[in-house]
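# Inside the fold
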Amino acid sequence: MAYKYFPQTDEDIREMLARIGVGSLDDLYAEVPDQIRFKGDYQLPEAMSEVEVRQYIGRLADNNHQLVCFAGAGVYDHYTPSAIPSLIERSEFLTSYTPYQAEISQGTLHYIFEYQSMMSELTGMDISNASMYDGTTATAEAVLMANASSKKSNRVLVSETLDPKTRAVVDTYAHYHGIEIVTVPAQDGVMSRSALDALLDETPAAGVVVQQPNRYGIIEDFSGLADSCHAHKSLLIMNSVAADLALLKTPGEWGADIAVGDGQSLGIPMTFGGPSVGYMCCTEKLMRKMPGRIVGKTLDSNGQRAFVLTLQAREQHIRRQKATSNICSNESLMALYVTIYMSLMGKEGLKEAAQLSYDGAHYLYEQLLASELFAPAFDQPFFNEFCINYTGDVDALLQKLEANGILGGVKVGDHTLMMAVTEKRTKEEVDHLIKLCHE
């Protein structure tokens, strides 16, 4: 086979041409007028050997400035077990797409089923779909789902502490579906419960969207929130970074109706911003309002275990106007990625990685506060990401850190820096960052 993904041999081509009664590839295009045929040379580089290609790509890669990452804001530098790339690069995984003849794709359905099982357990919810594009679109789809479930309101309340990137996607979706988005104000970095209660009392809302940890890395206390939402016939939608749920109280434990978020933190490399995977889980009651697909397990006619597409409420399978959503695909390869990651790490491994991230962030925070250069931005608990005020020039500090090989965080205010720590950051790297801040 000359090419991995182009398996046709010269003999194959001759047989195909003979079947349609054409003598050659040139004859195949004989009806194309000569005057519109391109006869020049394509502006493509000369062919290279494998060694030359590797050298060329290597030179390009050398232009990348590799930094030690203390930035987060939705994308995190977590450990990736080396076995994962080797497994997902198998051709049956790497080239697979939506299984339109689903039941013959037992391998694909199997890993999707395992993905759903793991995500349901991680979030504490009843049902998981077969993944979404990313955390932002998953959240926007959850807003549409809440709106579709409501008979009395097209209004959705969104906490001001939701990530601005996610909020922008929610606003776009809502605009074209006639959904009114109302912001719930924040106070001291967390959603104001009194403001939420007032808005719920004012006019019915289809849903309430919150984030845990929120856009500032703060762990919010949502005690009683689900009861308040449900008393007003509103669904509670909770957005979370997937890896944090290994230690934090799950959306299911908070009483959420829909759990959404990004799964990049489950071992997917940052790779300059993508690809990622979005997850969506919900209560069994809402299963038929959920977009995408759900894979189930059953027995075949021989009594053997088999996997099937149990629910596929999408426009490619039913009448478009009846579809729960027009989202037309998912990140199946990345769903496989996080499935292998969670299988390899296990429950204790996920907890250990989360604990190391938590401990590292709190060590960095305490060391920065020990100097007179930094002060707390909020007096709130946080997980592995925090905001901190810098007395000097934030831009100059970030440039200084970058010049010394460190991506020092994300500027979120004139004097406020948001920093994140994962299990990959060593004490030596943290101490080096602290030393540079003091020089």
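Residues numbered from 1 in each chain as written. Predicted model: local features only at pLDDT ≥ 70, side-chain atom pairs only at ≥ 80, totals over all residues. Heavy atoms only, no water.

### Quick notes on the sheet that holds strand β13 (residues 374-376)
What the four strands build is an open sheet, ordered β13-β14-β17-β16; its pairing is antiparallel. Each having just a single partner strand, β13 and β16 (410-411) make up the two edges of the open sheet. Sheet topology note: the β13/strand β14 (residues 385-390) ladder contains three bridges and is antiparallel. The partner of P376 across the bridge, within β14, is I388. Relative to β14, helix α12 (residues 332-369) is tilted by about 10 degrees, and along the sheet it contacts β13, β14 and β17 (416-420). (Pairing = 2+ DSSP bridges. Helix = DSSP H or I, 4+ residues; strand = E, 2+ residues; numbered from the N terminus. Contact = heavy atoms within 4.5 Å. Axes fitted to C-alpha atoms, helices over the stretch in contact; angles between N-to-C directions.)

### Topic: the environment of V338
On the secondary structure map, V338 appears in helix α12. For V338, a relative accessible area of 1% corresponds to the buried category. Separated by 73 residues in sequence, V338 and S265 place their C-alpha atoms 8.8 Å apart. Every residue in contact with V338, bar those within four places of it in the chain, is listed here: Y115, G263, L266, I268 and V277. (Buried < 20%, exposed > 50% of the residue type's maximum accessible area, 1.4 Å probe, protein only.)

### Here's the deal with the confidence of the model for the protein
Mean pLDDT for the protein: 91, with 93% of residues reaching 70 or above. Looking across the protein, the model is least confident in helix α5 (residues 91-94), with a mean pLDDT of 77, and most confident in strand β8 (residues 235-239), with 98. (pLDDT = per-residue confidence, 0-100.)

### Focus on the packing of aromatic side chains
Applying the stated criterion across every chain yields a total of 10 aromatic pairs. Pairing Y365 with F386 gives two aromatic rings, centres 5.0 Å apart and planes at 65 degrees, and the pair type is edge-to-face. Here the residue Y365 occupies a position in helix α12, and F386 occupies one in strand β14, the gap between them amounting to 21 residues. On the basis of relative accessible area, Y365 is assigned to the buried category, the value being 12%. Between F382 and F386, the aromatic rings sit 5.3 Å apart at their centres with planes inclined by 50 degrees, giving tilted as the arrangement. Here a set of aromatic residues connected by ring pairs shows up, and it is made of Y365, F382 and F386. The side chain of K249 reaches across the aromatic face of W254, ending 4.1 Å from its centre. Between R425 and the ring centre of F70, over which it is positioned, the NZ or CZ distance is 5.9 Å. (Phe/Tyr/Trp six-rings, centres within 6.5 Å; stacked < 30°, edge-to-face > 60°. Lys NZ or Arg CZ within 6 Å of the ring centre and 35° of its normal.)

### Considerations on the sheet that holds strand β4 (residues 180-184)
Read across the open sheet, the seven strands follow the order β2-β10-β9-β8-β7-β3-β4; overall the sheet is mixed. Looking at which strands have only one partner, the edges of the open sheet turn out to be β2 (127-128) and β4. Relative to strand β10 (residues 278-282), strand β9 (residues 258-262) runs antiparallel, the two being bridged by five bridges. Bridge pairing in β10 places G261 opposite Y279. Its contacts with the sheet put helix α8 (residues 164-175) on β3 (155-159), β4 and β8, and the angle it makes with β4 is roughly 150 degrees.

### Description of the pattern of salt bridges
Scanning the model with the defined rule gives 13 salt bridges in all. The partner of E11 in a salt bridge is R14, and the shortest N-O contact between them spans 2.8 Å. Taken together, the positions of E11 and R14, both in helix α1 (residues 10-19) and three residues apart, correspond to about one turn of that helix. A salt bridge links E50 to R54; the nearest nitrogen and oxygen atoms lie 3.2 Å apart. Of this pair, E50 and R54 are both found in helix α3 (residues 50-61), four residues apart, which corresponds to roughly one turn of the helix. Classification of E50 by relative accessible area gives exposed; the value is 56%. (Salt bridge = Lys/Arg side-chain N within 4 Å of Asp/Glu carboxyl O.)

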